[in-house]
Amino acid sequence: MTEDTAAVLIRAEEPADAAAVRAVNELAFGQPVEADLVDALRAAGKAVVALVAVAGGRVVGHILFSEVRIEPDAGDAAAVAAGLAPMAVLPEFQRRGIGSRLVEAGLARCREAGYGASIVLGHPEYYPRFGYVPASRFSVRSTYEVPDEVFMAQELRPGALAAAAGLARYAPEFDAA
């Protein structure tokens, strides 16, 4: 951790952070789609973990987790996982470990909240360092047409995905994004 990364505070998102969180997502992704998604998930009460990274009193990063239902292939009850999306860091603060700290803190909060698994649709070079593997290893499939290596899952509690074979469905707000 660099000295300026150590000065970054990771905390729960607060209502007063909404405009700054929107700006972080718009600037990090270069478009409003992810910011609109965050606003929609927040408005629908679907954000189960939302954290910000603060440096010098300024929000410089954000991560959000919402529930993803895994509809079983067999007759079992649906499993629920914490879906990581989106995660954003202001461009001038990227490559300093802030995103990693957000992911680690977010996963810890998901565990504390009782989630046994997490799912992410993201960069296959980035997310495996946090324990994500292709979701196909757990026989979990995406509703989106994406390459196997970008749709990933991890067990936050050993065995949580052992019987979760099925189709992962994100909140409907993702389909509108």
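Notes on the structure in this doc start here. (Residues numbered from 1 in each chain as written. Predicted model: local features only at pLDDT ≥ 70, side-chain atom pairs only at ≥ 80, totals over all residues. Heavy atoms only, no water.)

1. Quick look at the environment of Ala176
Reasoning step 1: The topology assignment puts Ala176 in helix α5 (residues 173-176).
Reasoning step 2: Residue Ala176 is classed as exposed on the basis of its relative accessible area, which comes to 70%.
Reasoning step 3: Taking the C-alpha atoms as reference points, Ala176 and Ala81, 95 residues apart in sequence, are found 20 Å from one another. (Helix = DSSP H or I, 4+ residues; strand = E, 2+ residues; numbered from the N terminus. Buried < 20%, exposed > 50% of the residue type's maximum accessible area, 1.4 Å probe, protein only.)

2. Thoughts on the pattern of salt bridges
Reasoning step 1: On inspection of all chains with the given rule, the structure shows eleven salt bridges.
Reasoning step 2: In this structure, Arg22 and Glu26 form a salt bridge, with 3.1 Å as the shortest nitrogen-oxygen distance. On the criterion of helical spacing, the pair formed by Arg22 and Glu26 is a turn pair, its members being four residues apart in helix α2 (residues 18-29).
Reasoning step 3: With a closest N to O distance of 3.1 Å, Asp39 and Arg42 form a salt bridge. Pair noted here: Asp39 and Arg42 are both in helix α3 (residues 33-43), with a separation of three residues, about one helical turn.
Reasoning step 4: Take Asp39: its relative accessible area is 28%, and that puts it in the partly exposed class. (Salt bridge = Lys/Arg side-chain N within 4 Å of Asp/Glu carboxyl O.)

3. A closer look at helix α4 (residues 98-112)
Reasoning step 1: In this model, α4 (15 residues) spans 21 Å end to end at C-alpha, consistent with the 21 Å of a helix rising 1.5 Å per residue.
Reasoning step 2: Positive backbone phi, at 95°, marks Gly114, one or two positions downstream of α4. (Expected span 1.5 Å × (residues − 1).)

4. A closer look at the environment of Asp76
Reasoning step 1: Of note, Asp76 is situated in the loop between β3 (58-72) and β4 (79-89).
Reasoning step 2: Given a relative accessible area of 45%, Asp76 falls into the partly exposed group.
Reasoning step 3: Sequence separation between Asp76 and Val24 is 52 residues; the distance between their C-alpha atoms is 40 Å.

5. Focus on the nonpolar core
Reasoning step 1: In this structure, Ile119 and Tyr127 are the most contacted members of the largest nonpolar core, which totals 57 residues.
Reasoning step 2: Contributing elements (two or more residues each) for this core: α2, α3, β2 (47-55), β3, β4, α4, β5 (117-121) and β8 (151-155).
Reasoning step 3: Per-element accounting of this core gives the leading share, eight residues, to β4. (Core = buried A, V, L, I, M, F, W, Y, C linked by side-chain atoms within 4.5 Å.)

6. As for the packing of aromatic side chains
Geometry of an aromatic ring pair is reported as the spacing of the ring centres plus the angle between the planes.
Reasoning step 1: Applying the stated criterion across every chain yields a total of six aromatic pairs.
Reasoning step 2: Aromatic side chains Tyr127 and Tyr132 sit 6.0 Å apart centroid to centroid with 90° between the ring planes, which places their arrangement in the edge-to-face category.
Reasoning step 3: Both rings, one in Tyr144 and one in Tyr170, keep their centres 5.9 Å apart while their planes meet at 45°; by these two values the pair is tilted. Within this pair, whereas Tyr144 is found in the loop between β7 (140-142) and β8, its partner Tyr170 is found in the loop between β9 (166-169) and α5, the two being separated by 26 residues in sequence.
Reasoning step 4: Ring-pair connections join several aromatic residues into one group, and the members of that group are Tyr126, Tyr127, Phe130 and Tyr132. (Phe/Tyr/Trp six-rings, centres within 6.5 Å; stacked < 30°, edge-to-face > 60°.)

7. Re α2
Reasoning step 1: In a regular helix each residue adds 1.5 Å, so twelve residues correspond to 16 Å; α2 covers 17 Å between its end C-alpha atoms and thus fits that length.
Reasoning step 2: Turning to α2, its buried residues number three or more, namely Val21, Val24 and Asn25. Across the axial projection of α2, the buried residues extend over an arc of 95°, all falling on one side. Turned more than 90 degrees from where α2 packs its buried face, Ala19 and Leu27 sit exposed.
Reasoning step 3: Each element contacted by the buried residues of α2 is listed here: α3, β2, β3 and β4.
Reasoning step 4: Looking one or two residues past α2, Gly30 carries a phi angle of roughly 70°, positive in sign. (Arc of directions from axis to C-beta. Contact = heavy atoms within 4.5 Å.)

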